[in-house]
Amino acid sequence: HWSPREIVERLKKEYPNDMTMHISHEAIYRYIYVLPRGELRQTLTKALRQERAYRRKKKTGKTKETRGKIADMISIEERPEEVEDRSVPGHWEGDLILGKYKRSALGTLVERTTRYTILVPLGENKDAESVRKAYAKAFKSVPKEIVKTLTYDQGKEMRQHKRFTIDTGVQVYFAHPGSPWERGTNENTNGLIRQYFPKGTEFDKVSTREIKRVQRELNDRPRAVLEYKKPDEVINNIVALKV
């Protein structure tokens, strides 16, 4: 599930002096899109993040926000400056990935500095109370020192944000309607997650074991923004420094 560039840069880190293990990402793309035919080509393109049958530019566009207002929201504009510049770890972004017919969901929590990801099994229980309890439980899996704030969209599943803050000590900030770029780390990570759980997935039929397997794989994946280190490596180094 790694992108060609992630593969290339990670090979450089793991085999810095062995040129036989180096390749360009364009060479990988050329092989996938030019040389193979038939079933082999289908297998290779399916392994790509976007699963495209041919290369094309990504389209951009805005999605109209139709969700209702949440009481006592604190705007993203009031977040501490350290959240914006990622100078201090512990600031997270969250979202729901909806399943088939929007009947089930998967919660996603991503730390902005390390890109460490937590996947939260929800199944059909995506109401505000269920999400509050599930997110609070999920945050217990990481040290308190790196759980400070959560930035979320204005989805109704976060209506119990005040109780969530009381339970966890995590302050919730809300992005503006129809502004997914304000939670860009989460949006990008959701794209990676869709490699494993494509649109139409029925999350109530996906086991917790499988969800956590995907979480481990995501956190073991080299990321360009981390200079091709892995989220697991980065967050473990931060925790070790704080001990």
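Residues numbered from 1 in each chain as written. Predicted model: local features only at pLDDT ≥ 70, side-chain atom pairs only at ≥ 80, totals over all residues. Heavy atoms only, no water.

**Considering the overall build of the chain**
So, step 1. For the chain, the helix and strand inventory stands at nine helices and five strands.
So, step 2. Along the chain, helices and strands appear, N-terminal first, in the series α-α-α-α-β-β-β-α-β-α-β-α-α-α.
So, step 3. For the chain, the proportion of its 243 residues judged to be buried stands at 44%.
So, step 4. At a minimum sequence separation of 6, the contacts of the chain that also span at least 24 residues come to 60%.
So, step 5. Within the structure as shown, the chain displays about 14100 Å² of accessible surface, and the carbon and sulfur contribution to it stands at 50%. (Helix = DSSP H or I, 4+ residues; strand = E, 2+ residues; numbered from the N terminus. Buried < 20%, exposed > 50% of the residue type's maximum accessible area, 1.4 Å probe, protein only. Contact = heavy atoms within 4.5 Å. Areas by Shrake-Rupley, 256 points an atom, 1.4 Å probe, with all protein chains shown as cover.)

**Here's the deal with the packing of aromatic side chains**
So, step 1. In total, this model carries four aromatic pairs according to the counting rule given.
So, step 2. Judged by centre distance (6.3 Å) and plane angle (50 degrees), the rings of Phe139 and Phe164 are tilted. Taken together, the residues Phe139 in helix α5 (residues 128–139) and Phe164 in helix α6 (residues 161–168) connect sequence positions 25 residues apart. You'll find Phe139 and Phe164 in the same group, each marked buried.
So, step 3. With a centroid separation of 5.6 Å and an interplanar angle of 70 degrees, the aromatic rings of Phe197 and Phe203 are classed as edge-to-face. As far as burial versus exposure is concerned, Phe197 and Phe203 are alike and both buried.
So, step 4. One aromatic cluster is present, formed by Trp92, Phe139 and Phe164 through successive ring pairs. (Phe/Tyr/Trp six-rings, centres within 6.5 Å; stacked < 30°, edge-to-face > 60°.)

**Details of the confidence of the model for the chain**
So, step 1. Taken as a whole, the chain shows an average pLDDT of 87; of its residues, 84% reach a score of 70 or greater.
So, step 2. Scored below 50 in pLDDT, residues 53–67 makes 15 contacts in the model with residues more than four places away or belonging to other chains. (pLDDT = per-residue confidence, 0-100.)

**Some remarks on the packing of α5 against α6**
So, step 1. For the pair α5 and α6, interaxial distance at closest approach is 10 Å and the crossing angle is 25 degrees. The pairing of α5 with α6 is recorded here as roughly parallel in orientation. Judged by the twist between their axes, the crossing of α5 over α6 is right-handed. Judged by residue contacts, Arg132, Tyr135, Ala136 and Phe139 of α5 engage Arg163, Phe164, Asp167 and Thr168 from α6.
So, step 2. When the residues that make up the contact of α5 with α6 are grouped by side-chain class, the tally is four nonpolar, one polar and three charged. (Axes fitted to C-alpha atoms, helices over the stretch in contact; angles between N-to-C directions. Parallel < 35°, antiparallel > 145°, perpendicular 65-115°, else oblique. Left-handed = near helix turned anticlockwise from the far one by under 90°. Nonpolar A, V, L, I, M, F, W, Y, C, P; charged D, E, K, R; others polar.)

**What about the side chain of Asp95?**
So, step 1. Take Asp95: it is sitting in strand β1 (residues 91–98).
So, step 2. Of the residues examined, Asp95 reaches a relative accessible area of 7% and is grouped as buried.
So, step 3. Not counting chain neighbours up to four residues away, the residues in contact with Asp95 comprise Leu106, Gly107, Thr108, Tyr135, Tyr152, Asp153, Arg183, Asn186, Glu187 and Asn190.

**Details of the side chain of Thr151**
So, step 1. Of note, Thr151 is situated in strand β4 (residues 149–152).
So, step 2. If we ignore the near neighbours within four places in the chain, the residues touching Thr151 are Ile76, Arg79, Trp92, Glu93, Gly94, Tyr173 and Arg183.

**Brief notes about the nonpolar core**
So, step 1. Membership of the largest hydrophobic core comes to 29 residues, with the highest contact counts inside it found for Trp92, Leu109 and Tyr135.
So, step 2. When contributions to this core are tallied by element, the ones reaching two or more residues are β1, β2 (105–111), β3 (117–123), α5, β4, β5 (171–174) and α9 (231–242).
So, step 3. Looking at this core, the element that brings in the most residues is α5, giving six residues.
So, step 4. Leave out the neighbours within four places in its chain, and Tyr135 touches Asp95, Leu96, Gly107, Thr108, Leu109, Val120, Tyr152, Met158 and Phe164.
So, step 5. Judged by nonpolar contacts, the second largest core, of twelve residues, contains Leu106, Leu192, Tyr196 and Leu218. (Core = buried A, V, L, I, M, F, W, Y, C linked by side-chain atoms within 4.5 Å.)

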